[in-house]
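# Fold and contact review
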Amino acid sequence: MRILIISDVHANLPALQRVLEDAGEVDEVWSLGDIVGYGPNPRECVEIVRTIAPSISIIGNHDWAAIGRLSLEDFNPVARFASYWTTMQLGAEHLRYLESLPNRMIDQDWTVVHGSPRHPIWEYVYNARIAALNFPLFDTRVCFVGHTHVQLYIREEEAMANVTPRHTVDRESIDLSEGRFIINPGSVGQPRDGDNRAAFAIYEPKRNRLTFRRVAYPIEETQEQMREQGLPESLINRLAHGI
Ligand code: ZN
C-alpha cells in the first residue's frame, strides 16, 4: 500500500501535476489542506484534489478564508488580496467542497490535521518545543501536519529533549515502527524551506515506512500565470527562492 501525502498545494497546478507524475502508482492520496490561496489555479486544484483524495482531505486556513469562514483581517495585505481573488475564481461547487472538509481525521495509526493537534487550523509546528506541547494531545503513533511549508519530521523523544528538527533530503526514508512522530510532507505549491522544488511524501503503512520526496516543476509557468492574473509580485518571486 503506497499513499501519496500532499499539503499546501496553494493553487499551483504545474507543481501538483509534476508531483502526481513523479509519485508514480499510488493506492491513495491524502491532502493536508490549503488546496487554494496564493496560486493561479484554484479551480483546477480543487477539482483534482476532490477527485484524487476522496476520503482523507483536511481543511486549511487558506481554504477557510476562501469560503469566508475566516476574517481576512488575520492575513497580511498580500495574502488578503490573493485570498479575495481566490474566492472570486471559485464556483458554488468548489466552495461547497471546501465547506465539507473536516479539520481533523483520526484512524488507528494516524492523526491528520493542517496545523497541529492543539489548534488544527492555525498552529505552526516548526520546532521541538511546539511539537513537545502537541505530542500528548494525540494518541496515535503518527500525526501528519502541514501549514509551515517546511518538510520535516520530529520524533517524540527528540521533541521532549528539545532537539532541533533536521532538514530532510530527497528520498530520505524513516522507519515509523519505533517511537511516535509528527511528520510534515512539506508544501507542493509554495515550499518555504529554501528548496524551490515541490515537496511531498510517500507513506507505506504496512511497511511502517515514510519517504520524503522533492521534485522540480516549471516554476516560470506558474509565475507567468500569476502575472497574467495580476497576483502580487512578492508571491510570484518567492516561488523561485523556495521561501
Ligand atoms: Zn499553507
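Placed above this text is the structure.
Residues numbered from 1 in each chain as written. Predicted model: local features only at pLDDT ≥ 70, side-chain atom pairs only at ≥ 80, totals over all residues. Heavy atoms only, no water.

## Side note on the coordination of the zinc ion
Around the zinc ion, the protein supplies D8 (OD), H10 (NE2), D34 (OD) and H149 (NE2) as donor atoms, at distances of 2.1 to 2.3 Å. If you look at the zinc ion, its 4 donor atoms make angles of 85 to 177° with each other, and the shape they trace is irregular. Coordination of the zinc ion draws on donor residues from a single chain, spaced D-x1-H-x23-D-x114-H in sequence. Of the two residues, H10 sits in the loop between β1 (3–6) and α1 (13–23) while D34 sits in the loop between β2 (28–31) and α2 (42–52), which places them 24 residues apart along the sequence. When its relative accessible area of 1% is taken as the criterion, H10 is described as buried. (Donors = N, O, S within 2.8 Å, 3.2 Å for Na, K, Ca; no water. Tetrahedral: all angles 85-135°; square planar, octahedral: opposite > 155°, others 65-115°. Helix = DSSP H or I, 4+ residues; strand = E, 2+ residues; numbered from the N terminus. Buried < 20%, exposed > 50% of the residue type's maximum accessible area, 1.4 Å probe, protein only.)

## What to know about unusual backbone geometry
Negative phi values dominate among residues other than glycine, just as trans dominates among peptide bonds. A positive phi angle, near 50°, is found at D8, a position not held by glycine. Given the relative accessible area of 0%, D8 is considered buried.

## Some details on α1
Residues lying three or four places apart along an α-helix face the same way, a consequence of the helix completing one turn every 3.6 residues. Within the sequence span of α1, burial applies to L13, P14, A15, L16, V19 and A23. Structurally, the start of α1 carries an N-cap: the backbone nitrogen of A15 is 3.2 Å from a side-chain oxygen of N12. One or two residues past the end of α1 sits G24, with phi positive at roughly 70°. (Polar contact = N/O pair within 3.5 Å; in protein donor to acceptor, adjacent residues only side chain to side chain.)

## Considerations on the sheet that holds strand β4 (residues 110–113)
On the basis of which strands lie adjacent, the open sheet formed by 5 strands has the order β3-β4-β5-β8-β6 and mixed pairing. Of all the strands in the sheet, just β3 (104–106) and β6 (152–155) have a single pairing partner and so form its edges. Sheet twist, expressed as the average angle between the axes of neighbouring strands with direction ignored, equals 15°. Here β6 runs beside strand β8 (residues 181–184); their pairing, made up of 4 bridges, is antiparallel. Following the sheet pairing, L152 is matched in β8 by N184. (Pairing = 2+ DSSP bridges. Axes fitted to C-alpha atoms, helices over the stretch in contact; angles between N-to-C directions.)

## Observations concerning the pattern of salt bridges
Scanning the entire structure with this criterion turns up 13 salt bridges. With a closest N to O distance of 3.0 Å, E21 and R18 form a salt bridge. With E21 and R18 both in helix α1 and 3 residues apart, this pair spans about one turn of that helix. Assessed through its relative accessible area of 26%, R18 is described here as partly exposed. The partner of R214 in a salt bridge is D195, and the shortest N-O contact between them spans 3.7 Å. Separated by 19 residues along the polypeptide, R214 in strand β10 (residues 209–215) and D195 in the loop between β8 and β9 (198–204) bring together distant segments of the chain. Residues joined in a network through salt bridges with shared partners are D22, D170, R171 and R213. (Salt bridge = Lys/Arg side-chain N within 4 Å of Asp/Glu carboxyl O.)

## Some words on the side chain of T111
Within the secondary structure layout, T111 lies in strand β4. Classification of T111 as buried rests on a relative accessible area of 2%. Setting aside residues no more than four positions away along its own chain, T111 makes contact with R104, M105, I106, F138, T140, V142, C143 and F144. (Contact = heavy atoms within 4.5 Å.)

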